[in-house]
Amino acid sequence: MIRNLISVGGFTLLSRITGFARDVVLAAVLGAGMMNDAFVVAFRLPNHFRAIFGEGAFNAAFVPSYSRVLETEGASEAKRFSSRIFTLLLISQIALLALALAYTPFLVDLLAPGFRDDPKKFELAVALTRVTFPYLLFITLVTLHSGVLNANGKFASAAFAPVLLNLTMIAALAVAFLFPNAAYAAAWGVTISGVLQFAQLEFAARRAGVAERPLRPRWDADTKQFFKALGPAVIGSAGVQIAMFVDTIISSLLPTGGPSSIYYADRIYQLPIGVIGIAAGTVLLPEMSRAISGGAPDAALRAQNRTMALTVALAAPFFVAFLTIPELIMRAVFVRGRFTDADALAAAHVLSAYGVGLFAIVLISSARASFQARGDTTTPMIASLTAVALNVALKFLLYKPFGAPGLAFATAIGAWINFGILVALALRAGSMAPNAVFLKVATASLAAAAALAGVAVFGAATAQLLARHVAPFATIAELALLGLVGMIVYVAVFLAAARAIGLDLSALRGLRRRGATTDAGKEPQ
């Protein structure tokens, strides 16, 4: 499992690095003005629907269902099952695309009502959305391929696919002179990347012998169980997306630049979420599903504790950085071209507000797996909808006095509410049981994070002084110096604390051959 987590995390890190490069180019070319505001809305519309009907809901229902069929009925029946679901997805996405293209102005009005006050911005957002929406069709089929490959223990191809989005958008922006403006170039880059991602995953699935083919749907027991799980999963995913819809709606009411400051802060925030949180959930769900289907619930709990322990240890440095040096991060990454110091400061306030909820966000996937691995998508749905209701209420209370940072802070509080509900229900049901390994790793991470915060607060002036010697790149050098020293201090204090409290780091390896087939052995504490 740890090898798979490293594989997914590594490719996700590559995706985030290329994503940084993409966003740096976007910031330099589009800045934080009207064109970027319009593009942000056009990019978010298909992504909201993807998150509702694709990655979140689909994986929650499909991976456990497919894993169960694979374990109990064999590879041949599993392939027929995935082919029937493929056909249904293809039909539904073609219908959704046709409706979206016909009613694009209505969708933009719904998502960004504030754009109506600026006709040029509204018209551009409508035009760009018509370019980007076909991306949803391809990326939904990519999600199906990813689920099948992940359930068969093949994670690399699916983890690499998002890299193609970033590289394609960069390439499109490089030839922006061929388009009416750079926003059109970015939008076409999004849709072309969907085609490339689908082609890559189709090739990987065929090479693995698990590629789906169009097959007449059959309303058999497996399909019924999948849709029974999909309904609550869609509602649960829709709940999260409703909160994000509200973010986009309210941000369109803010002065020009509001949607952009949220977008660029979110791009930084997504680094630990993708590399750590989503990667952990991607690997953990099929691992727990296999263990539970194989009659080894204790192995599933051990896998969950290992994953959550690693998640806490890896996320702690980001948490510290987002709260202590957000402005330095935004200036170092984005200030160039049309992106100014004032834009960086606005985005930094949003990033620090997001940072409050980081631990909850990266741990939610692992907490949800307590239920999803057992075929229960209803409980996560209830937790999600409860959190979203409170989240949306907070957004309306906070956006007027605090602007974009108020929206981000409400998102952070909503994440903690969601995570807290999931943990409470999982503990009560016995589907989560924190062990000594998790508690000791959390303790060592807390000690290391405190030391890292000291480096960020008290070392900033020294780093700034030293960075002056490379004046053209002083901000980047300052961030790199603080990051390097901070990393050394964090690792050193973590290892010292682990030794002091008797944590055996070999307990984090947890190779599947040791724990997935038997409950007899206990891991070192």
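Residues numbered from 1 in each chain as written. Predicted model: local features only at pLDDT ≥ 70, side-chain atom pairs only at ≥ 80, totals over all residues. Heavy atoms only, no water.

Peer 1: When you look at the environment of F43 in this model, what are you seeing that I'm missing?
Peer 2: The residue F43 is located in helix α2 (residues 34-73) in this model. If we skip the residues at most four places from it in the chain, F43 touches R22, T132, L165, V190 and Y263. (Helix = DSSP H or I, 4+ residues; strand = E, 2+ residues; numbered from the N terminus. Contact = heavy atoms within 4.5 Å.)

Peer 1: Could you clarify how one ought to interpret the nonpolar core in this entry?
Peer 2: The nonpolar side chains of a soluble globular protein tend to be buried, and buried together. By size, the foremost hydrophobic cluster in this structure holds 142 residues, and its most contacted members are L26, F62, Y66, M330 and F334. Ranked by the residues each element gives to this core, the list is headed by α2, at 14 residues. L284, L285, A296 and A300 belong to the second largest nonpolar core, which has 11 residues in total. (Core = buried A, V, L, I, M, F, W, Y, C linked by side-chain atoms within 4.5 Å. Buried < 20%, exposed > 50% of the residue type's maximum accessible area, 1.4 Å probe, protein only.)

Peer 1: What am I meant to see in helix α13 (residues 341-355) here?
Peer 2: In an α-helix, one full turn covers 3.6 residues, which means residues spaced three or four apart are oriented alike. Its 15 residues give α13 an end-to-end C-alpha distance of 21 Å, which sits within 8% of 21 Å, the value for a rise of 1.5 Å per residue. Those residues of α13 not exposed but buried are A344, A347, A348, V350, L351, A353, Y354 and G355. (Expected span 1.5 Å × (residues − 1).)

Peer 1: Before we go on, may I ask you to explain the packing of aromatic side chains in this structure?
Peer 2: Between two aromatic rings, the relevant description is the distance of the centres plus the angle of the planes. One pass over the structure, following the stated rule, counts 11 aromatic pairs. Judged by centre distance (4.8 Å) and plane angle (10°), the rings of Y269 and Y354 are stacked. In this pair, Y269 is assigned in helix α10 (residues 258-293) and Y354 in helix α13, connecting sequence segments 85 residues apart. Like Y354, Y269 is buried. Through pairs of rings, three or more aromatic residues link up here, namely Y263, Y264, F334 and F339. A cation sits over an aromatic face here: R116 above F122, 3.9 Å from the ring centre. (Phe/Tyr/Trp six-rings, centres within 6.5 Å; stacked < 30°, edge-to-face > 60°. Lys NZ or Arg CZ within 6 Å of the ring centre and 35° of its normal.)

Peer 1: In this structure, what is going on with a nonpolar patch on the surface? I would like to understand it.
Peer 2: A contiguous nonpolar patch, built from L484, M487, I488, V491, L495 and L505 and spanning about 540 Å² of accessible area, is present on the exposed surface. Turning to its location among the elements, L484 is positioned in helix α19 (residues 474-500). (Patch = residues over 30% accessible without salt bridge, like charges linked within 9 Å, V, L, I, M, F, W, Y side chains within 5 Å. Areas by Shrake-Rupley, 256 points an atom, 1.4 Å probe, with all protein chains shown as cover. Salt bridge = Lys/Arg side-chain N within 4 Å of Asp/Glu carboxyl O.)

Peer 1: Explain the pattern of salt bridges here, please?
Peer 2: Considering all chains together, one arrives at nine salt bridges under this definition. The closest approach of N and O atoms between D37 and K121, which form a salt bridge, is 3.5 Å. A residue pair is termed long-range when its members are at least 10 positions apart, and D37 in helix α2 and K121 in helix α5 (residues 119-132) qualify at 84 residues. Of the residues examined, K121 reaches a relative accessible area of 7% and is grouped as buried. Among the ionic pairs, R267 bridges to D266, the shortest N-O distance being 3.8 Å. In this structure, a network of salt bridges that share partners links the residues R22, D23, D266 and R267.

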